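As a plain string of letters, each chain reads:
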Amino acid sequence: MTYHCLFEQSGTFKNEFRKLGYEAYDYDIKDEFNETDYIIDLFAEIEKAYSNEKSIFNNIKSEDTILAFFPCVRFENQIQLFFRRNMCKPKELDR
């Protein structure tokens, strides 16, 4: 069995699986910790898979395990709103 850690560039979980004797890889769009095995745009790979195109998911077997972590908030649109101070406030704070 192989563990595939998606959106996990730190290597934290991958390295723990390896310490336990499992084959493990992590995938992310960045490699700020010098740990990422596959530097890849996972969202593009998901789109390819849904379009029946070749993607990284073609190499994952049914007995493998995929751990998909929540993508970094820096890549979502809310972070831009936060820095512009355009976040929605709860109604109770408007009083």
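Structure first, text after, so check above.
To start, this report covers the structure provided alongside it. (Residues numbered from 1 in each chain as written. Predicted model: local features only at pLDDT ≥ 70, side-chain atom pairs only at ≥ 80, totals over all residues. Heavy atoms only, no water.)

1. A closer look at the pairing of strand S2 (residues 23–28)
Each regular strand displays side chains that alternate between the two surfaces of the sheet. Strand direction decides the pairing type here: strand S1 (residues 2–6) and S2, joined by five bridges, are parallel. Looking at S2, one finds that Thr2 is bridged to Glu23. One crossover worth recording links S1 to the parallel S2 by way of helix H1 (residues 12–19), and it is right-handed. As paired elements, S2 and strand S3 (residues 38–39) share two bridges and run parallel to each other. (Pairing = 2+ DSSP bridges. Helix = DSSP H or I, 4+ residues; strand = E, 2+ residues; numbered from the N terminus. Right-handed = clockwise from strand over helix to strand, strands pointing away.)

2. A short note on the pattern of salt bridges
Taken as a whole and judged by the stated rule, the model has seven salt bridges. Residues Asp26 and Lys14 are paired through a salt bridge, measuring 3.5 Å at the closest nitrogen-oxygen approach. Of this pair, Asp26 sits in strand S2 while Lys14 sits in helix H1, and the two are twelve residues apart along the sequence. The same class applies to Asp26 as to Lys14, namely buried. (Salt bridge = Lys/Arg side-chain N within 4 Å of Asp/Glu carboxyl O. Buried < 20%, exposed > 50% of the residue type's maximum accessible area, 1.4 Å probe, protein only.)

3. A word on the nonpolar core
Counting residues in each nonpolar core, the largest one holds six residues, listed as Leu6, Phe7, Tyr27, Ile40, Leu42 and Ile56. Setting aside residues up to four positions removed in sequence, Leu6 forms contacts with Tyr27, Leu42, Phe57, Ile66, Leu67, Ala68 and Phe69. (Core = buried A, V, L, I, M, F, W, Y, C linked by side-chain atoms within 4.5 Å. Contact = heavy atoms within 4.5 Å.)

4. With respect to unusual backbone geometry
We note that Asn34 has phi near 55 degrees; this positive angle belongs to a residue other than glycine. If you trace the backbone, Asn34 turns up in the loop between S2 and S3. The exposed category is assigned to Asn34, whose relative accessible area is 66%. Of note in the backbone geometry, Asn52 takes a positive phi value of approximately 60 degrees without being a glycine. As for its position among the elements, Asn52 is in the loop between helix H2 (42–50) and strand S4 (65–68). According to the relative accessible area criterion, Asn52 is exposed, its value standing at 74%.

5. Observations concerning the side chain of Glu8
Inspection of the secondary structure assignment puts Glu8 in the loop between S1 and H1. The side chain of Glu8 is buried and forms no salt bridge, while Lys14, the nearest opposite charge, is found at 6.4 Å. One polar contact links Glu8 to Ser10, side chain to side chain, over a distance of 3.3 Å. Polar contacts involving the side chain of Glu8 include one to the main-chain amide nitrogen of Phe13, which spans 2.9 Å. Those residues within four positions of Glu8 in sequence are excluded, and the remaining contacts are Phe13, Lys14, Asp26, Tyr27, Asp28 and Phe69. (Lys, Arg positive; Asp, Glu negative; His and termini not counted. Polar contact = N/O pair within 3.5 Å; in protein donor to acceptor, adjacent residues only side chain to side chain.)

6. Comments concerning H2
With a side-chain oxygen positioned 3.1 Å from the backbone nitrogen of Phe43, the residue opening H2 is Asp41. Backbone geometry just after H2 places Asn52 at a positive phi near 60 degrees.

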